[in-house]
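Now for the letters of each chain:
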Amino acid sequence: MSQPNNIIFCLDIGNELKEFFHQNSFSKIAVIVDDNTKSHCYPLVQSAIPKHVLLEIKSGEEQKNLRTCEQIWNGLTENAFDRKSLVVNIGGGVIGDMGGFCAATYKRGIAFINIPTTLLAQVDASIGGKLGIDFQNFKNHIGVFQNPLKVFLDAAFFSTLNPAELRSGYAEVIKHCLIRDGEKFEEIVQTPYADLDLFGLTKHSVEIKSKVVLEDPKEQGLRKILNFGHTIGHAIESFYLENEDKKLLHGEAIAIGMICEAFLSTKKCTLSNKELFRIVKYILQIYASKPIAEEDFGGIISLTRQDKKNEGDQIKCSLLNNIGDCGFDIEINHEDIKSSMEYFNTQTAC
Ligand SMILES: NC(=O)c1ccc[n+]([C@@H]2O[C@H](COP(=O)([O-])OP(=O)(O)OC[C@H]3O[C@@H](n4cnc5c(N)ncnc54)[C@H](O)[C@@H]3O)[C@@H](O)[C@H]2O)c1
Ligand SMILES: [Zn+2]
């Protein structure tokens, strides 16, 4: 499989960036970082980026909102950025989504490049052109589609990432195997987590996601399979977003969502119980999950109604026909979601 030509797998990101800036010129450059990527990632690339303005925001999903966008737009405006300028996003999915959104809307759109520094951002968030921010407790509620000029991937960033963040990103790797590559799923299941070749798996995920996105860039059909685990996972993530004790990382929520939706796949599609068992066992081996409190079910279910895949009042879900093959636009109802969370709870209690 070939990579889209805007994605560059770097052995030495500094050299690749120098080459890029040698070939492309911009009137001004802004580099967006958060407090963590400023200290851990920016030093790896700082000298390779020509004269630039550094815009620092606070880290965390709770910053992915209009207020922070205003801060970024202010930074661009105060520094007189014009349409020929460039934004460089250095960070995880939050910076990629929000920095890209700010660039894509500033003066009706200026160019941006992504330097994704988390596993999640490398295998998922920085591919496919979805940009945006959260709004009123709803994830990625406001946004646009726009591709970065280039995406520079380098495994060097993984070394400073905390293990929970790495595991969170790995959920999307599992998802890509489940929806498109059953053989790869077998391979990862049989490899101890600590021995996985994460950069190799990044390439695999990028290939799968890019191919799907190329076929259906605006998510009219096939692209919806990338949402496997996300109808319920996103609702769980949103529901606990402001709860310090129960807050989950994106991938941790998606891991739960994949278990729930694999369960629904046995009811609504052709996934076998044997396959369900294999998926659940593997996911729970990597993500130590606690049961979902029954009193939270109602709130989580009502959040699934905001899912962008829905049409009217119907909840549409992407479910597995078998491991490696995913369908989309499968209708589920509140009762189905409730029963899938009950199923999840029985599994975490085992
Ligand atoms: N656009 C898409 O298609 C898409 C797909 C999946 C997820 N997302 C979005 O991505 C976001 C989650 O991304 P994320 O998990 O990368 O979160 P994140 O951007 O919040 O990064 C996680 C944490 O790691 C820190 N960090 C980043 N790189 C680091 C490094 N190399 N070393 C040390 N610390 C580092 C960050 O400061 C942050 O605290 C969500 O908002 C989600 O909605 C978007
Ligand atoms: Zn995701």
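For the structure, check the block above.
Residues numbered from 1 in each chain as written. Chains lettered and ligands numbered in written order. Predicted model: local features only at pLDDT ≥ 70, side-chain atom pairs only at ≥ 80, totals over all residues. Heavy atoms only, no water.

Trainee: Would you mind going over the overall build of the chain with me for this structure?
Mentor: The helix and strand inventory of the chain stands at 14 helices and 10 strands. By the compact-globule yardstick of 20 Å for 350 residues, the chain fits well, its C-alpha radius of gyration being 20 Å. Overall, the chain is about 55 × 40 × 35 Å in size when its C-alpha atoms are taken along their principal axes. The long-range share in the chain, meaning contacts at least 24 apart out of those at least 6 apart in sequence, stands at 75%. Looking at charge distribution, the chain has the averaged site of its 37 positive side-chain charges lying 4 Å from that of its 46 negative ones. (Helix = DSSP H or I, 4+ residues; strand = E, 2+ residues; numbered from the N terminus. Rg over C-alpha atoms; globule rule 2.2 N^0.38 Å. Contact = heavy atoms within 4.5 Å. Lys, Arg positive; Asp, Glu negative; His and termini not counted. Charge placed at Lys NZ, Arg CZ, Asp CG, Glu CD.)

Trainee: What am I meant to see in the packing of helix 7 (residues 163–180) against helix 12 (residues 273–286) here?
Mentor: In a packed pair of helices, the relevant descriptors are the angle between the two axes and the axis-to-axis distance. Orientation of helix 7 relative to helix 12, taken along the N-to-C sense of each, is 165 degrees, at an axis distance of 11 Å. Overall, the two elements helix 7 and helix 12 adopt an arrangement that is roughly antiparallel. With respect to the hand of their crossing, helix 7 and helix 12 are arranged in right-handed fashion. Counting all contacts with helix 7, which are made through R167, Y170, I174 and L178, the residues of helix 12 involved are I279, Y282 and I286. For the contact of helix 7 with helix 12, the residue count by class is six nonpolar, no polar and one charged. (Axes fitted to C-alpha atoms, helices over the stretch in contact; angles between N-to-C directions. Parallel < 35°, antiparallel > 145°, perpendicular 65-115°, else oblique. Left-handed = near helix turned anticlockwise from the far one by under 90°. Nonpolar A, V, L, I, M, F, W, Y, C, P; charged D, E, K, R; others polar.)

Trainee: Help me understand the pairing of strand 5 (residues 111–116) in this model?
Mentor: For a regular strand, side-chain orientation follows a simple rule: the groups alternate between the two sheet faces. In terms of burial, strand 5 is a largely internal element, five of the six residues being buried. Bridge count for strand 4 (residues 86–91) against strand 5 is six bridges, and the pairing is parallel. By the bridge assignment, L86 is partnered in strand 5 with A111. One crossover worth recording links strand 4 to the parallel strand 5 by way of helix 5 (residues 93–105), and it is right-handed. (Buried < 20%, exposed > 50% of the residue type's maximum accessible area, 1.4 Å probe, protein only. Pairing = 2+ DSSP bridges. Right-handed = clockwise from strand over helix to strand, strands pointing away.)

Trainee: Would you mind going over the packing of aromatic side chains with me for this structure?
Mentor: Any two aromatic rings considered together are summarised by their centre-to-centre distance and by the angle between their planes. Throughout the structure, instances matching the rule amount to 11 aromatic pairs. Where W73 meets F101, the ring centres are 6.1 Å apart and the plane angle is 55 degrees; that geometry is what we call tilted. Of this pair, W73 sits in helix 4 (residues 66–78) while F101 sits in helix 5; the two residues are 28 residues apart in sequence, bridging distant segments of the chain. Measuring from ring centre to ring centre gives 5.3 Å for Y170 and Y193, while their planes differ by 70 degrees; the resulting arrangement is edge-to-face. Taken as a pair, Y170 in helix 7 and Y193 in the loop between helix 8 (182–189) and helix 9 (198–215) lie far apart in primary sequence, 23 residues in all. Connected via pairs of aromatic rings, a cluster forms that spans F20, F21, F26 and F152. (Phe/Tyr/Trp six-rings, centres within 6.5 Å; stacked < 30°, edge-to-face > 60°.)

Trainee: How should I be thinking about the coordination of the zinc ion (ligand 2) in this particular structure?
Mentor: Only E172 (OE), H230 (NE2) and H250 (NE2) from the protein reach the zinc ion (ligand 2) as donors, at distances of 1.9 to 2.1 Å. In the primary structure, the donors to the zinc ion (ligand 2) are separated according to the pattern E-x57-H-x19-H. Here H230, found in helix 10 (residues 230–239), pairs with H250, found in helix 11 (residues 250–268); they are 20 residues apart in sequence, far enough to count as distant. Note on H230: relative accessible area 5%, which makes it buried. Taking the relative accessible area as the measure of exposure, H250 reaches 17% and is therefore buried. (Donors = N, O, S within 2.8 Å, 3.2 Å for Na, K, Ca; no water.)

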